[in-house]
Amino acid sequence: PKMTKLEPKVAVVVFLLKGRKVLLGRRRSAVGRSTFALPGGNLEFGESFEECAAREVKEETGLEIQKTELLTVTNNLFLEQPKPLHYVTIFMRSVQADDDEVPQNMEPEKCDGWDWYEWEDLPQPLFWPLEKMVNSGFNPFPT
Ligand code: 8DG
Ligand code: MG
Ligand code: MG
């Protein structure tokens, strides 16, 4: 097999907030299959975190976002994969540009669909990097 050096990657994911709700989708990808996760993906060369957040949310849900802000960063190792993965995950917060827009499942091969979930009543199981944050008491809402 072709040998490639293992390197950390950077992902940008978005807490898209609507009142006390967040947008989550159940993953179909091998990493975190069947768990509920935020929209987001790999940072591309030259992108700002805000640009990446807007692009990934648009690609995955069709929604436009605004007021995008940096919240926090976590370091995540996925050692159970056939090829181990290491993601530095940048967590952003945003709101919809237009409250009347409805999320679309733009990448049905990667996601079962998007829906809004009350922060106090999140679905299970959560994608573990998100689960870890929730369990640590992290809250994405502005104070
Ligand atoms: P791309 O080709 O669109 O760039 O990538 P993607 O297919 O959208 O990537 P992804 O798996 O959705 O996101 C990249 C990585 O980000 C993922 O494999 C692990 C990390 N990640 C977390 N937490 C979360 C999360 O809540 N949602 C998403 N989508 N990714 C997350 O650590
Ligand atoms: Mg993506
Ligand atoms: Mg994604």
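For clarity, every value in this text was computed on a predicted model and none was experimentally measured.

**Q** I'd like to hear about the coordination of the magnesium ion (ligand 2), residue by residue, with values.
**A** For the magnesium ion (ligand 2), the full set of protein donor atoms is Glu56 (OE) and Glu60 (OE), at a range of 2.1 to 2.3 Å. Between the magnesium ion (ligand 2) and the magnesium ion (ligand 3) the interatomic distance amounts to 3.3 Å, and Glu60 serves as a bridging ligand to the pair. With Glu56 and Glu60 both in helix α1 (residues 49–61), this residue pair falls four residues apart, about one helical turn. Summarising the burial analysis for this pair, Glu56 and Glu60 share the class buried.

**Q** Could you give an account of the packing of aromatic side chains, with specific residues and numbers?
**A** The final tally for this structure, using the stated rule, is eight aromatic pairs. Considering the side-chain rings of Phe15 and Phe138, the 5.7 Å spacing of their centres and the 35 degrees angle between planes classify their relative orientation as tilted. On the criterion of sequence distance, the pair formed by Phe15 in strand β1 (residues 9–18) and Phe138 in the segment after α2 (128–135) is long-range, its members being 123 residues apart. Considering the side-chain rings of Phe36 and Tyr117, the 5.7 Å spacing of their centres and the 70 degrees angle between planes classify their relative orientation as edge-to-face. One end of the pair, Phe36, is in strand β3 (residues 36–37); the other, Tyr117, is in strand β7 (residues 111–118), with 81 residues separating them in the sequence. Cluster of aromatic residues (ring-pair linked, three or more members): Phe15, Phe91, Trp119, Phe138 and Phe141.

**Q** Could you give an account of the site of ligand 1, with specific residues and numbers?
**A** Surveying the vicinity of ligand 1 reveals 17 residues, the closest of which are Arg27, Leu38, Glu60, Thr89 and Lys110. Within the side chain of Asn76, one N or O atom sits 3.4 Å away from an oxygen atom of ligand 1. Note that an oxygen atom of ligand 1 is positioned 2.7 Å from one of the side-chain N or O atoms of Lys110. In isolation ligand 1 has 610 Å² of accessible area, and contact with the protein removes 86% of it. If you map ligand 1 onto the pockets, it falls in the largest pocket. Among the elements of the structure, β1, β4 (40–42), α1, β5 (65–78) and β6 (85–96) are those that each provide at least two residues to the shell around ligand 1. At three residues, β4 tops the list of elements feeding residues into the shell around ligand 1.

**Q** Describe in detail the environment of Leu85, supporting the description with residues and values.
**A** Residue placement: Leu85 occurs in strand β6. For Leu85, a relative accessible area of 18% corresponds to the buried category. It is 24 Å that separates the C-alpha atoms of Leu85 and Glu50, two residues lying 35 residues apart in sequence. Contacts of Leu85, omitting those with residues within four sequence positions, involve Lys9, Val31, Asn76, Leu77 and Phe78.

Rules and cut-offs
- Residues numbered from 1 in each chain as written.
- Chains lettered and ligands numbered in written order.
- Predicted model: local features only at pLDDT ≥ 70, side-chain atom pairs only at ≥ 80, totals over all residues.
- Heavy atoms only, no water.
- Donors = N, O, S within 2.8 Å, 3.2 Å for Na, K, Ca; no water.
- Helix = DSSP H or I, 4+ residues; strand = E, 2+ residues; numbered from the N terminus.
- Buried < 20%, exposed > 50% of the residue type's maximum accessible area, 1.4 Å probe, protein only.
- Phe/Tyr/Trp six-rings, centres within 6.5 Å; stacked < 30°, edge-to-face > 60°.
- Near = heavy atom within 4 Å.
- Polar contact = N/O pair within 3.5 Å; in protein donor to acceptor, adjacent residues only side chain to side chain.
- Areas by Shrake-Rupley, 256 points an atom, 1.4 Å probe, with all protein chains shown as cover.
- 1 Å grid on protein atoms, 1.4 Å probe; cavity = no way out; pocket = protein on both sides within 12 Å on 5 of 7 lines; lining within 4 Å.
- Sits in = over half its atoms within 2 Å of the grid points.
- Contact = heavy atoms within 4.5 Å.

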